[in-house]
Amino acid sequence: MLQALIFDVDGTLAETEELHRAAFNEAFAAAGLDWQWDQALYAELLAVTGGKERMAYFQQRTGLTPALSPAEIATLHADKTARYAARVNAGGLELRPGVRRLLAEATHAGLKLAIATTTSRPNVDALLKAAAPLPAFDVIAAGDEVAAKKPAPDIFLAALRDLGLPASACIAFEDTANGLASARGAGLRCVVTCSAYGGTGPFAGASAVVSHLGDADTPATLLNGPALPCGIADLRWLSALAKEG
Ligand SMILES: [Mg+2]
């Protein structure tokens, strides 16, 4: 029986990546670094999950000097995180269509809500605060809580552990192939909601692929899959499918 929904954050709850990109570029400039990430480059760099990991990869790939130490990257990342939070607090984000509706429906139906994300916990807190009022999330698994980030399954396994539920009782929501692989690796059924930076798939292994979760004003488009997973009844149906095979 379906008992919980587990959400990715960036690209799934909200289109956050442009704010992240702007915050990275601000932090680079403030640190006197001649780094600028445009949209095309950032789309490539998003293949690396985790902000610190992304900066380390970029530095290694470009061979830019002076090389930053892990400690310097951590400091730079902390500054970026603060700049991102400031932008979110200033009202720079909205939840994606259908997110608020589905969270409310899930709570009403007695389902638990969880987050499993590679983004830092302060980023999650800033988004949830800016989007308030929202139903409370029972579990938030975020950032450096696990060593191996997505596409490794660890962060979803951490969320399942904290929920005290088996994967068969939950459905994950993701927007990228890395996220989908992470959820599937944890044994979860996964609905993909396509996003600006999340790629176009084909998202093999997803239970369904949709444009977004949809609501009355903004109907979702089903791109691939057996059902339009907009409501709790659809999700219960997907969950029952999971048990059968
Ligand atoms: Mg995402």
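Because the structure is predicted, anything quoted here is derived from the model rather than measured.

Ideal coordination angles are 109.5 degrees for a metal with four donors arranged tetrahedrally and 90 or 180 degrees for a metal with six donors arranged octahedrally. Those protein atoms acting as donors to the magnesium ion are Asp 8 (OD), Asp 10 (O) and Asp 175 (OD), and they sit at 2.1 to 2.2 Å. Site description for the magnesium ion: donor spacing in sequence, D-x1-D-x164-D. Here Asp 10, found in the loop between strand E1 (4-7) and helix H1 (17-30), pairs with Asp 175, found in the loop between strand E4 (170-174) and helix H8 (177-185); they are 165 residues apart in sequence, far enough to count as distant. The same class applies to Asp 10 as to Asp 175, namely buried.

Turning our eyes to something else, we now look at the sheet that holds strand E5 (residues 189-193). Strand order across the open sheet formed by seven strands is E3-E2-E1-E4-E5-E6-E7, with mixed pairing between neighbours. Two strands close off the open sheet at either side, each with one partner strand: strand E3 (139-142) and strand E7 (222-224). On average, adjacent strands in this sheet sit at an angle of 25° to one another, irrespective of strand direction. Here strand E2 (residues 112-117) runs beside E3; their pairing, made up of four bridges, is parallel. What sits directly across from Thr 117, in E3, is Ala 142. Strands in contact with helix H5 (residues 99-108) are E1, E2 and E4; relative to E1, the strand with the most contacts, it is inclined by about 155°.

Basis of the calculations
- Per chain, the residues get numbers from 1 upward, laid out in the order the sequence is written.
- Local features in a predicted model are, by the rule used here, given only for residues with pLDDT of at least 70; side-chain atom pairs are given and counted only at 80 or more, and totals for whole chains, interfaces and linings are based on all residues.
- Values reported for side chains reflect all heavy atoms of the structure, with hydrogen atoms and water molecules removed beforehand.
- Any nitrogen, oxygen or sulfur atom within 2.8 Å of a metal ion counts as a donor, with the limit raised to 3.2 Å for Na, K and Ca, and since water is left out, coordination shells can look unfinished.
- Helix and strand assignments follow DSSP, with helices taken as H or I runs no shorter than four residues and strands as E runs no shorter than two, numbered in order from the N terminus.
- The buried label goes to any residue with under 20% of its type's maximum accessible area, the exposed label to any with over 50%, and the partly exposed label to all in between, with areas taken from a 1.4 Å probe on protein chains only.
- Any two strands with at least two DSSP bridges between them are considered paired.
- Axes here mean lines fitted to C-alpha atoms, for a helix over just the part in contact, with angles spanning 0 to 180 degrees between N-to-C directions.
- The contact rule is simple, with two residues in contact once any of their heavy atoms fall within 4.5 Å.

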